[in-house]
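Inside the fold
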Amino acid sequence: MQIHRAKHILVSPWHIIENGYIAVVNNTIIDVGSIAAASSHLKSNVIDHGSGVIMPALLNAHTHFELSALQGKISFDKGFNNWVRELIKSREECTVGLLCQKAKEAIDAAILSGTYFACEISTLGITKDIFADSDIGGIWFKEYLGSNLIQNDLAQLSSNKIHKKESIAGHAPHTTSPAILNVLKKEAKIANLPFSIHVAESTDETEFITTKKGSWADFLKERGIDTSLWGKSRSPVQHLDDIGLIDNLTLLIHLLNVDTADIEIIANRQAKPIFCPRSNFNLHKKLPDIPLFLKYGLKPALGTDSLASTETLNMFDEMLYVAKNFPAINPSEILAMATTNSADALCFSKIAGTLEKGKIASFIYLPLDLTHKNLSDSIISIIDYRDEQQINT
Ligand SMILES: [Zn+2]
């Protein structure tokens, strides 16, 4: 048994213990509490981390490590369609070796910055082994898009390991046919695994879904994708609901262009909203209406998206960005978006997100003195913490 002690233990975004400890056996938390109240045998076996705070490791609910080699190569300010074109071209110019090497480096950097779980979306499939062999937990999603799918190509879904799973993702309602999205969602549902999809990200997407016309329709035509059977709908979220894609295991990524009717659908289905605000602002000069989702009782999670659309894969950066842009949101709610809410979205609540008995001992230590601060100010200091080299366990 190991006893990890620190001046503060952040059990959850709503609970900090002063002068506390975590007892760990076989990488599982067996007890959490305050040193003063602990029995004497606990006091003899202590690893004292110091005057900082031990807190749960962070979970990134949406990223593409696979695109890390594109960092700095794509312009954010020439419109979304141009970004997509540059991304495809830039990715084609990279060797698989380079894409893999940069993905590995990005995973290592994420771990160093306190993220121990992630949802990796892989279009090319090349990060599967890298993710499986790495120290990061989470879900590796094979992503599909277009209008053709060979059944044999469907990724093998697995949930053998407690902290690492494999599932499937559809790219988006305007890039992937309803028939294929249906097959993909069904497969994920049978395996009882989360299904991920980008939705309501761009105005081009909304135009295409509501009218089947516009620049996106032209773009698909240019790439030889037949969309004649795709149908129209009131909105991208409505479209996904119409084809049976939204339930409590669906991760809806972005949700930039939604109305209250869309949010009601998401709330009724208990789907999981995932926001990537820095990426959204870079590409669309717009932010998701996070307070409105909270008003509907939803528990959004945060993701960074990829280095092709954001500056870092550091979840502290994402949380700080939310805190600065939405000062009215309770800081604990923001930390929850990278811990408890993310864990819930990944179906990892039993093993991660808080430092409670029975969960995996996935925690980080920040050398940060929280003395004399109330809960809200403590959480703000944590979100504002920057020194990657010193985050460790
Ligand atoms: Zn994405």
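All figures in this text were calculated on a predicted structure; none of them were measured in a lab.

This paragraph deals with helix H3 (residues 96-112). Given a rise of 1.5 Å per residue, 17 residues ought to cover 24 Å, and the 24 Å separating the end C-alpha atoms of H3 matches this to within 8%. What H3 keeps buried is the set Leu99, Cys100, Ala103, Ala106, Ile107, Ala110 and Ile111. Down the axis of H3, the sector holding all buried residues measures 135 degrees, keeping them to one side. The secondary structure elements touched by the buried residues of H3 are helix H2 (80-93), strand S6 (115-122) and helix H4 (128-133).

Turning our eyes to something else, we now look at the domain arrangement of the protein chain. In terms of domain boundaries, the protein chain breaks down into domain 1 (2-57 + 354-390) and domain 2 (58-345). Computed over C-alpha atoms, the centres of domain 1 and domain 2 are 32 Å apart. Of the roughly 1,900 Å² buried where domain 1 meets domain 2, counting both sides, 72% is carbon and sulfur surface. For the interface between domain 1 and domain 2, the tally reads one salt bridge. Residue Asp317 pairs with Arg386 through a salt bridge whose shortest N-O separation is 2.8 Å. There are three residue pairs in polar contact (both at pLDDT 80 or more) connecting domain 1 and domain 2. Put simply, the parts of the chain that give the side of domain 1 that touches domain 2 at least two residues each are strand S4 (46-56), strand S13 (363-366) and helix H15 (375-383). The biggest single contributor to the side of domain 1 that touches domain 2 is H15, with six residues. A class-by-class count of the residues in the side of domain 1 that touches domain 2 yields 16 nonpolar, four polar and three charged.

Okay, the packing of H2 against helix H7 (residues 215-222) next. Where H2 contacts H7, the two axes come as close as 11 Å, and the packing angle between them is 25 degrees. With respect to H7, the element H2 is oriented roughly parallel. Each of Asn81, Val84, Arg85 and Ile88 in H2 lies in contact with H7, whose residues at this interface are Ser215, Trp216, Phe219 and Glu222. When grouped by side-chain class, the residues that make up the contact of H2 with H7 number four nonpolar, two polar and two charged.

Attention shifts here to unusual backbone geometry. For Lys285, which is not glycine, the phi dihedral falls at a positive 55 degrees. Here Lys285 shows up in the loop between helix H10 (277-284) and helix H11 (290-295).

What follows covers the coordination of the zinc ion. Protein ligation of the zinc ion involves His62 (NE2), His64 (NE2), His198 (NE2) and Asp305 (OD), the donor distances falling in the range 2.1 to 2.6 Å. Taken together, the four donor atoms surrounding the zinc ion define angles of 85 to 165 degrees at the centre, an arrangement classified as irregular. Within one chain, the residues donating to the zinc ion are spaced in sequence as H-x1-H-x133-H-x106-D. Linking His64 in the loop between strand S5 (58-63) and H2 with Asp305 in the loop between strand S12 (301-302) and helix H12 (315-325), this pair joins segments that are 241 residues apart in sequence. According to the relative accessible area criterion, His64 is buried, its value standing at 6%.

Residues Phe65, Leu240, Leu252, Met319, Leu366 and Ile382 are the most contacted members of the largest nonpolar core, which totals 86 residues. Shared between two domains, this core takes at least three residues from each, and those domains are domain 1 (2-57 + 354-390) and domain 2 (58-345). Apart from the residues lying within four places of it in its own chain, the contact partners of Leu240 are Pro173, Leu181, Ile197, Val199, Leu245, Ile246 and Leu252. One finds Phe208, Phe219, Leu220 and Ala308 within the second-largest nonpolar core, a separate group that totals 20 residues.

This part takes up the sheet that holds strand S9 (residues 195-199). Read across the open sheet, the eight strands follow the order S5-S6-S7-S8-S9-S10-S11-S12; overall the sheet is parallel. Strands at the two margins of the open sheet, each flanked by one partner only, are S5 and S12. Both strand S10 (residues 250-254) and strand S11 (residues 272-275) contribute to a ladder of three bridges, which runs parallel. Residue pairing in the sheet places Leu251 in a bridge with Lys272 of S11.

In terms of residue burial, S5 counts as a mostly covered element, since six of its six residues are buried. Summarising the sheet, S5 and S6 pair through four bridges and their orientation is parallel. Following the sheet pairing, Asn60 is matched in S6 by Ala118.

About the criteria used
- Residues numbered from 1 in each chain as written.
- Predicted model: local features only at pLDDT ≥ 70, side-chain atom pairs only at ≥ 80, totals over all residues.
- Heavy atoms only, no water.
- Helix = DSSP H or I, 4+ residues; strand = E, 2+ residues; numbered from the N terminus.
- Expected span 1.5 Å × (residues − 1).
- Buried < 20%, exposed > 50% of the residue type's maximum accessible area, 1.4 Å probe, protein only.
- Arc of directions from axis to C-beta.
- Contact = heavy atoms within 4.5 Å.
- Domains from an automatic or database assignment.
- Buried area = accessible area lost by both parts, 1.4 Å probe.
- Salt bridge = Lys/Arg side-chain N within 4 Å of Asp/Glu carboxyl O.
- Polar contact = N/O pair within 3.5 Å; in protein donor to acceptor, adjacent residues only side chain to side chain.
- Nonpolar A, V, L, I, M, F, W, Y, C, P; charged D, E, K, R; others polar.
- Axes fitted to C-alpha atoms, helices over the stretch in contact; angles between N-to-C directions.
- Parallel < 35°, antiparallel > 145°, perpendicular 65-115°, else oblique.
- Donors = N, O, S within 2.8 Å, 3.2 Å for Na, K, Ca; no water.
- Tetrahedral: all angles 85-135°; square planar, octahedral: opposite > 155°, others 65-115°.
- Core = buried A, V, L, I, M, F, W, Y, C linked by side-chain atoms within 4.5 Å.
- Pairing = 2+ DSSP bridges.

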